[in-house]
Amino acid sequence: MTQKHTENTNGTLVSLRDLSVTYKTRLGDVSAVDGVSFDIRRGEILGLVGESGCGKSTMGRALMRMISPPGYISSGQIVFDGEDVMTYDEQRLRDFRGRRVSMIFQDPMTSLNPVQRIDQHVVEAIQVHEAETSLHKALERAKALAERLGIRAERLNNYPHQLSGGMRQRVMISLGLVLSAELVVADEATTSLDVIVEANLLDQLRELRDELGVSILMITHNIALVAELADRIAVMYAGHMAEIGSVYEVFDEPLHPYTQGLLRSVPNIRLDDDEELYKMPGEPPNLTHPPSGCRFHPRCPHAMAVCSREQPPLLDTGGGHLVQCWLYAKHQMPADAPEREVSR
Ligand code: SF4
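Presented here is an overview of the structure given in this document.

Rules and cut-offs
Residues numbered from 1 in each chain as written. Predicted model: local features only at pLDDT ≥ 70, side-chain atom pairs only at ≥ 80, totals over all residues. Heavy atoms only, no water. Near = heavy atom within 4 Å. Nonpolar A, V, L, I, M, F, W, Y, C, P; charged D, E, K, R; others polar. Buried < 20%, exposed > 50% of the residue type's maximum accessible area, 1.4 Å probe, protein only. Helix = DSSP H or I, 4+ residues; strand = E, 2+ residues; numbered from the N terminus. Pairing = 2+ DSSP bridges. Axes fitted to C-alpha atoms, helices over the stretch in contact; angles between N-to-C directions. Contact = heavy atoms within 4.5 Å. Core = buried A, V, L, I, M, F, W, Y, C linked by side-chain atoms within 4.5 Å. Phe/Tyr/Trp six-rings, centres within 6.5 Å; stacked < 30°, edge-to-face > 60°.

## Details of the site of the ligand
Alright, step 1. Lining the immediate environment of the ligand, one finds 13 residues, of which C294, C300, C307, C325 and W326 sit closest.
Alright, step 2. Looking at side-chain class alone, the shell around the ligand contains ten nonpolar, three polar and no charged residues.

Structure, rendered in structure tokens:
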């Protein structure tokens, strides 16, 4: 039986606590996500950003328990609407993934069956989870949702290859929402689209959130997109959570040195006219042998001796603006830790 958690209140839909994902490789274990915690609130758009390989897509998959071997969830807790998802059996998981959480991938062609018409995809998605729904009723729902997403009814008779990239992505969204999922995980869902189609699609996602109250986890490397669309932003670095806060907090007053560098390296965000684009020193680490302590310390301009020894705690600096950095947790430093900055 599923364990019910009592702490699920105040609008939190998902709580991830100390979640770690490990991949077994020939070169050793890769710690792709290491002790990450964050919440997704009901009806919010949370942007999850970071460089390629930082673990953000792994995080999205882990949330749905979709990590395939050689990867596995090595520790942590996933609580969805008060229920412990880690205790679900296969049947319960299938139901969870269709009815309550859905995922929109970057390339719809890998998710859509090329020899199935669009209406067949949508009807199948409904009937797999709702065997009692008649074909007629399923088709009616498919049409209503398609129309809502700007897909003309006759397009439902098309095969995936007959649609444009933007239209295919709309189909993926309709597949995600046809069972009234409460959370949509959009993993680089608009990356392959041109900017005008992307803007239209993002507007529609925002409208769907406003109308249906659905929560959206938007996983992207495009921080400008998050500035445009999200309510809150979570910044990951090398499998760790660096910072979480409202878009206003994080863009106006980024706390973590990685977030500060990230924002200074993107055009048109927090950039005065005469300020040059910043180039972050160094490279993201190899996660087979990640740096000890704070994984950002080899690249951090403010690194202290303690940073390479101990991982900093995730600290709430007030109002839910969280940061994982020793600069803000000096009172929690080990007693023998000198605070001097390491010259670089
Ligand atoms: Fe830099 Fe240390 Fe903060 Fe890590 S913990 S970001 S190395 S100051």
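From this point, the discussion proceeds with the structure in view.
## Concerning the pairing of strand β7 (residues 183-187)
Alright, step 1. Burial analysis of β7 places five of its five residues in the buried class, which makes it a mostly covered element.
Alright, step 2. Residues L183, V185 and D187 of β7 are buried on one face, and the alternating residues V184 and A186, pointing to the opposite face, are buried as well.
Alright, step 3. As judged from the four bridges shared by strand β6 (residues 101-104) and β7, these two strands associate in the parallel manner. In the strand pairing of β7, V101 is matched with L183.
Alright, step 4. The pairing of β7 with strand β8 (residues 215-220) spans five bridges and is parallel. Among the inter-strand pairings, A186 is bridged to a residue of β8, identified as M218.

## Some words on the sheet that holds strand β3 (residues 45-49)
Alright, step 1. As summarised here, the arrangement of the eight strands in space is β6-β7-β8-β3-β9-β10-β12-β11, forming an open sheet in which the pairing is mixed. A strand with exactly one partner marks an edge of an open sheet, and here the two such strands are β6 and β11 (314-316). Neighbour-to-neighbour, the strand axes of the sheet open up by a mean angle of 20°, direction not taken into account.
Alright, step 2. Helix-sheet contacts for helix α6 (residues 195-212) involve β3 and β8, and the interaxial angle to β8 is about 150°.

## A look at the nonpolar core
Alright, step 1. Of all hydrophobic cores here, the largest spans 58 residues; its most connected members are I173, I223 and I233.
Alright, step 2. In terms of residue count, helix α5 (residues 165-177) provides more of this core than any other element does, five residues in total.
Alright, step 3. Membership of the second largest hydrophobic core comes to 34 residues, among which are L16, I40, M64 and I73.

## Some thoughts on the packing of aromatic side chains
Alright, step 1. Considering all chains together, one arrives at five aromatic pairs under this definition.
Alright, step 2. Here the aromatic rings of F80 and F96 are separated by 5.1 Å at their centres, their planes lie at 85°, and the arrangement is edge-to-face. Of this pair, F80 sits in strand β4 (residues 71-80) while F96 sits in helix α2 (residues 90-100); the two residues are 16 residues apart in sequence, bridging distant segments of the chain. This pair shows no difference in class: F80 is buried, exactly as F96 is.
Alright, step 3. Judged by centre distance (5.4 Å) and plane angle (70°), the rings of Y258 and F296 are edge-to-face. Within this pair, whereas Y258 is found in helix α9 (residues 257-264), its partner F296 is found in the loop between α9 and β11, the two being separated by 38 residues in sequence.
Alright, step 4. Classification of Y258 as buried rests on a relative accessible area of 0%.
Alright, step 5. On the basis of relative accessible area, F296 is assigned to the buried category, the value being 2%.

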